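Chain by chain, the residues:
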Amino acid sequence: YQSTTSNSSLCLFNFSNSFINEKPFLSSMITRGADSYFKCFQLPDGSVLNSLFYDISGAERFNAFNKQFYGKADAIILVYDISNRRSFEAIQDYYYEEIKDLCKKDIPVILLGNHSDREEKRQVGQEEGMKLALSFNYKFMETSCLKNENVNEAFATLIELWYCEYQKKQSF
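Okay, so let's go over this structure. If you're wondering where the values come from, they're calculated on a predicted model, not measured in any experiment.

### Examining the side chain of Asn-84
Now for step 1: Here Asn-84 is to be found in the loop between strand 5 (76-81) and helix 3 (85-102).
Now for step 2: Since its relative accessible area comes to 17%, Asn-84 is described here as buried.
Now for step 3: Among the polar contacts listed, one links the side chain of Asn-84 to the backbone nitrogen of Arg-86, at a separation of 3.0 Å.

What follows is the structure, given as structure tokens:
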């Protein structure tokens, strides 16, 4: 499977908030291995969470390398391209099992359909994404870096989900 979801653009847009001539600057580069990004988030209790995000490649040739990140992850965003059915099928056929087998129990996961601006090329319906997320007990969202839709919200939601899990663990 060759990754084509452009989740690098998603990360770059969220973490740099880069604009050129008041339009989002979108990278067409493909992640090779892993890139990392740092961002601070304000938590509901007023404290600040310093977060480190890894953008790991979905390309098959990086699978062995990527597996080392799963065991250390505190939360995950799984990204597929709504205009590429194979990227969605990879979530169903591969990534769910990877997360289940290699990650901590009850890790927050968001299933993210990227490129919602490509409606005319859509190969995966929003309902199909929601159904898969529900079957895996994941949160579901769709984003568009091009239109700046739900990008910041996706990362904020991931932090909220993580914080809820963190609070549960602290109460024990």
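Anyway, onward from the coordinates.
### A few points about the pairing of strand 6 (residues 109-114)
Now for step 1: The buried fraction of strand 6 is high, at six of six residues.
Now for step 2: Of the two faces of strand 6, the one carrying Val-109, Leu-111 and Gly-113 and the one carrying Ile-110, Leu-112 and Asn-114 are both buried.
Now for step 3: When strand 5 meets strand 6, the two strands line up parallel, connected through six bridges. The partner of Ile-76 across the bridge, within strand 6, is Val-109.
Now for step 4: Pairing of strand 6 with strand 7 (residues 139-142), which is carried by four bridges, proceeds in the parallel orientation. The residue of strand 7 that forms the bridge with Ile-110 is Lys-139.
Now for step 5: On the question of chirality, the crossover connecting strand 6 to the parallel strand 7 by way of helix 4 (residues 126-136) is right-handed.

### Side note on the pattern of salt bridges
Now for step 1: Counted under the stated rule, the structure contains seven salt bridges.
Now for step 2: Taking the shortest distance from any N to any O, the salt bridge between Glu-165 and Lys-168 comes out at 3.2 Å. Residue Glu-165 and its partner Lys-168 are both found in helix 5 (residues 151-170); the two are separated by three residues, about one turn of the helix.
Now for step 3: Among the residues examined, Lys-168 registers a relative accessible area of 46% and is labelled partly exposed.
Now for step 4: The structure contains a network of salt bridges with shared partners spanning Glu-119, Arg-122 and Glu-142.

### Observations regarding the pairing of strand 5
Now for step 1: Counting buried positions over the six residues of strand 5 gives six, a clear majority of the element.
Now for step 2: The two faces of strand 5 match: Ile-76, Leu-78 and Tyr-80 on one face and Ile-77, Val-79 and Asp-81 on the other face are all buried.
Now for step 3: Handedness of the crossover joining strand 5 and strand 6 through helix 3 is recorded here as right-handed.

### A word on the nonpolar core
Now for step 1: The biggest cluster of nonpolar side chains holds 21 residues, and the ones touching the most others in it are Ile-76, Leu-78, Tyr-80, Ile-91, Ile-99, Leu-111 and Tyr-138.
Now for step 2: Looking at this core, the elements with two or more residues in it are strand 5, helix 3, strand 6 and helix 4.
Now for step 3: Ranked by residue count, the leading element in this core is helix 3, at five residues.
Now for step 4: Sequence-distant contacts of Tyr-138, defined by excluding residues within four places in its chain, comprise Leu-78, Tyr-96, Ile-99, Val-109, Leu-111 and Ala-133.
Now for step 5: Grouped together as the second largest cluster of nonpolar side chains are 16 residues, Leu-43, Ile-77, Ile-159 and Tyr-163 included.

### Remarks on the packing of aromatic side chains
Centre distance and the angle of the planes are the two values used to describe a pair of aromatic rings.
Now for step 1: Overall, the coordinates contain five aromatic pairs when judged by the stated rule.
Now for step 2: On the numbers, 5.0 Å between centres and 20° between planes, the contact of Trp-162 with Tyr-166 is stacked. With Trp-162 and Tyr-166 both in helix 5, this residue pair falls four residues apart, about one helical turn.
Now for step 3: The class for Tyr-166 is partly exposed, based on a relative accessible area of 35%.
Now for step 4: Three or more aromatic residues joined by ring pairs form one cluster here, namely Trp-162, Tyr-163 and Tyr-166.

So, how was this worked out
Residues numbered from 1 in each chain as written. Predicted model: local features only at pLDDT ≥ 70, side-chain atom pairs only at ≥ 80, totals over all residues. Heavy atoms only, no water. Helix = DSSP H or I, 4+ residues; strand = E, 2+ residues; numbered from the N terminus. Buried < 20%, exposed > 50% of the residue type's maximum accessible area, 1.4 Å probe, protein only. Polar contact = N/O pair within 3.5 Å; in protein donor to acceptor, adjacent residues only side chain to side chain. Pairing = 2+ DSSP bridges. Right-handed = clockwise from strand over helix to strand, strands pointing away. Salt bridge = Lys/Arg side-chain N within 4 Å of Asp/Glu carboxyl O. Core = buried A, V, L, I, M, F, W, Y, C linked by side-chain atoms within 4.5 Å. Contact = heavy atoms within 4.5 Å. Phe/Tyr/Trp six-rings, centres within 6.5 Å; stacked < 30°, edge-to-face > 60°.

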